[in-house]
Amino acid sequence: MWACNAILGRAAADMIPPMLFNFFRWLLVFLFLLPLAPWVLQRGSGLLTHWRRYIVLGFLSIFSYNSLQYLALHTSTAINVTLIAASMPVWMLMAGRLMYGQKMGKRDLIGAVLSILGVAVVLAQGDLRNLSTFQFLPGDIYIVLATMGWAVYSWMLKHTTEPKRIRQDWAAMLLAQVIYGLIFSALFSAGEMWVSPQRIQWSWSLVGILLFVSLGPALLAYRTWGEGVARVGPTLAGFYANLTPPLAAVLSSLLLGEYPKLYHGVSFVLIVLGIWLSAQGPKRPNQT
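Residue numbering note: each chain is counted from 1, following its sequence as written. The model is predicted, so local features are restricted to residues of pLDDT at least 70 and side-chain atom pairs to those at 80 or more, both for listing and for counting; the totals for chains, interfaces and linings are taken over all residues. Note that the side-chain values use all heavy atoms of the structure and ignore hydrogens as well as water.

Asks: Help me understand empty space enclosed by the protein in this model?
Replies: Unoccupied space between atoms shows up once a probe the size of one water molecule is rolled over them. Here a cavity is any set of points on a 1 Å grid over the protein atoms alone where a 1.4 Å probe fits but cannot get out, and a pocket is any open set with protein on both sides within 12 Å along at least 5 of 7 lines; a residue lines the site when it has an atom within 4 Å of a point. Grid points are joined across faces, edges and corners, and a volume is the space filled by probe spheres set on the points. In total, this model carries one cavity of 30 Å³ or more according to the counting rule given. Roughly 290 Å³ of volume is contained in the largest cavity. Taken together, 20 residues make up the lining of the largest cavity; nearest its centre are Trp 2, Tyr 65, Gln 69, Ala 85 and Thr 244. Of all the elements in the fold, those that place two or more residues in the lining of the largest cavity are helix H1 (2–11), helix H3 (51–75), helix H4 (78–85), helix H7 (140–158) and helix H12 (244–255). Nonpolar residues are Ala, Val, Leu, Ile, Met, Phe, Trp, Tyr, Cys and Pro. Charged residues are Asp, Glu, Lys and Arg, and all others, Gly as well, are polar. In the lining of the largest cavity, the residues fall into 13 nonpolar, six polar and one charged. Secondary structure is summarised from DSSP: a helix means a run of H or I of at least four residues, a strand means a run of E of at least two, and numbering begins at the N terminus for each.

Asks: I tried to follow the pattern of salt bridges on my own but got confused; where do I start?
Replies: When their charged atoms lie close together, side chains carrying opposite charge are able to pair. Any carboxyl oxygen of Asp or Glu that lies within 4 Å of a side-chain nitrogen of Lys or Arg is treated as forming a salt bridge with it. Considering all chains together, one arrives at two salt bridges under this definition. For Glu 162, the salt bridge identified is with Arg 53, shortest N-O distance 2.4 Å. Of this pair, Glu 162 sits in the loop between H7 and helix H8 (164–167) while Arg 53 sits in helix H3, and the two are 109 residues apart along the sequence. In terms of burial, Glu 162 and Arg 53 fall into one category: buried. Its salt-bridge partner being Glu 227, residue Arg 231 comes within 3.0 Å of it at the nearest N-O pair. Of this pair, Arg 231 and Glu 227 both sit in helix H10 (residues 204–232), four residues apart, which is roughly one turn of that helix. Think of it in three bands: with a 1.4 Å probe and only protein chains considered, a residue is buried below 20% of the maximum accessible area for its type, exposed above 50%, and partly exposed in between. The class of Arg 231 is exposed, set by a relative accessible area of 52%.

Asks: For this particular structure, what's the right way to read the environment of Leu 71?
Replies: With respect to the helices and strands, the residue Leu 71 is situated in helix H3. For Leu 71 and Asp 140, which are 69 residues apart along the polypeptide, the C-alpha to C-alpha distance reads 9.7 Å. Setting aside residues up to four positions removed in sequence, Leu 71 forms contacts with Pro 18, Met 19 and Tyr 142. We call two residues in contact whenever any of their non-hydrogen atoms come within 4.5 Å of each other.

Asks: So what exactly am I meant to see when it comes to a nonpolar patch on the surface here?
Replies: Patch membership needs two things, relative accessible area over 30% and no salt bridge, and members are linked within 9 Å if like-charged or within 5 Å if nonpolar (Val, Leu, Ile, Met, Phe, Trp, Tyr). Note on areas: these come from Shrake-Rupley sampling with a 1.4 Å probe, and a residue is covered only by the protein chains present in the view. On the surface, Val 90, Met 94, Leu 98, Met 99, Tyr 100, Met 104 and Leu 109 cluster together into a nonpolar patch covering about 600 Å² of accessible area. Here the nonpolar patch gets five residues from one element, more than from any other, and that element is helix H5 (residues 88–100). Within the element layout of this structure, Leu 98 appears in helix H5. Residue Leu 98 is classed as exposed on the basis of its relative accessible area, which comes to 70%.

Asks: Even after reading the chapter, I still don't get the packing of aromatic side chains, so can you show me in this structure?
Replies: For any two aromatic rings, the description comes down to two numbers: the centre-to-centre distance and the angle of the planes. The aromatic pairing rule takes the rings of Phe, Tyr and Trp, using the six-membered ring of Trp, and pairs them if the centres are within 6.5 Å, calling planes under 30 degrees apart stacked, those over 60 edge-to-face and the rest tilted. The full count for this structure, using the stated rule, is 17 aromatic pairs. An angle of 40 degrees between the planes, with centres 4.7 Å apart, marks the rings of Phe 63 and Phe 188 as tilted. Linking Phe 63 in helix H3 with Phe 188 in helix H9 (residues 170–195), this pair joins segments that are 125 residues apart in sequence. Given the relative accessible area of 5%, Phe 63 is considered buried. A residue is classified by how much of its surface remains accessible, and Phe 188, at 44% relative accessible area, is partly exposed.

Rendered as structure tokens:
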């Protein structure tokens, strides 16, 4: 789903400004979630009592990660964005160490190196020497910040403080984040419309993209990510996130009528090996 999100986000770059794209996406998610957990808006649900936590979660995930990713796709190349996002395992390890004192095991560090190497192979099209020709663009800083914020967000998901009723209801948990995240998204969208010359070019293609990224990469992917983090912990989950770039490469190839090549297979082997190696380490306190 997130591989598709990167491709469609790039496809929609000329149709809609990035902040507004993110706002409409999560507004649709809000409408989808509201019938599933309307009690979140009632007094005593915990939405207001734990507003500080939900503001941070909503800012890091609903607003900043997605907005910065779409903004990066406007101002940087797709290969740069996916390569920088491949640093996710490293940021996961650092966030866990700094925020919760999580030790960095040797298997985790080796797994992170293998995983990033696997992504580099597919992005370099099988020849790592191609990486030396990269030129970092101003937009690259957006995806760096987005990846760092996502690592912090994932650790916060694991260390919960909200009421049990919200924590055990995935729709309520996501809805609480969306409500606060939409506030930031609306404010920045308004500012974007004020300073940016780009305007929305409505079409059925854009409507279809908005519906898909709302139901798939947002609603479904966020639910499964939260469930995965709860079961295996943020560190191991970060390694799985590195499957996104090679999957995006394969999907892009198929859309262009090209078949996956040998280096795609090498990349998958390295990434999966990194995931497996990290998973073989001692069971962490944050895992279930």
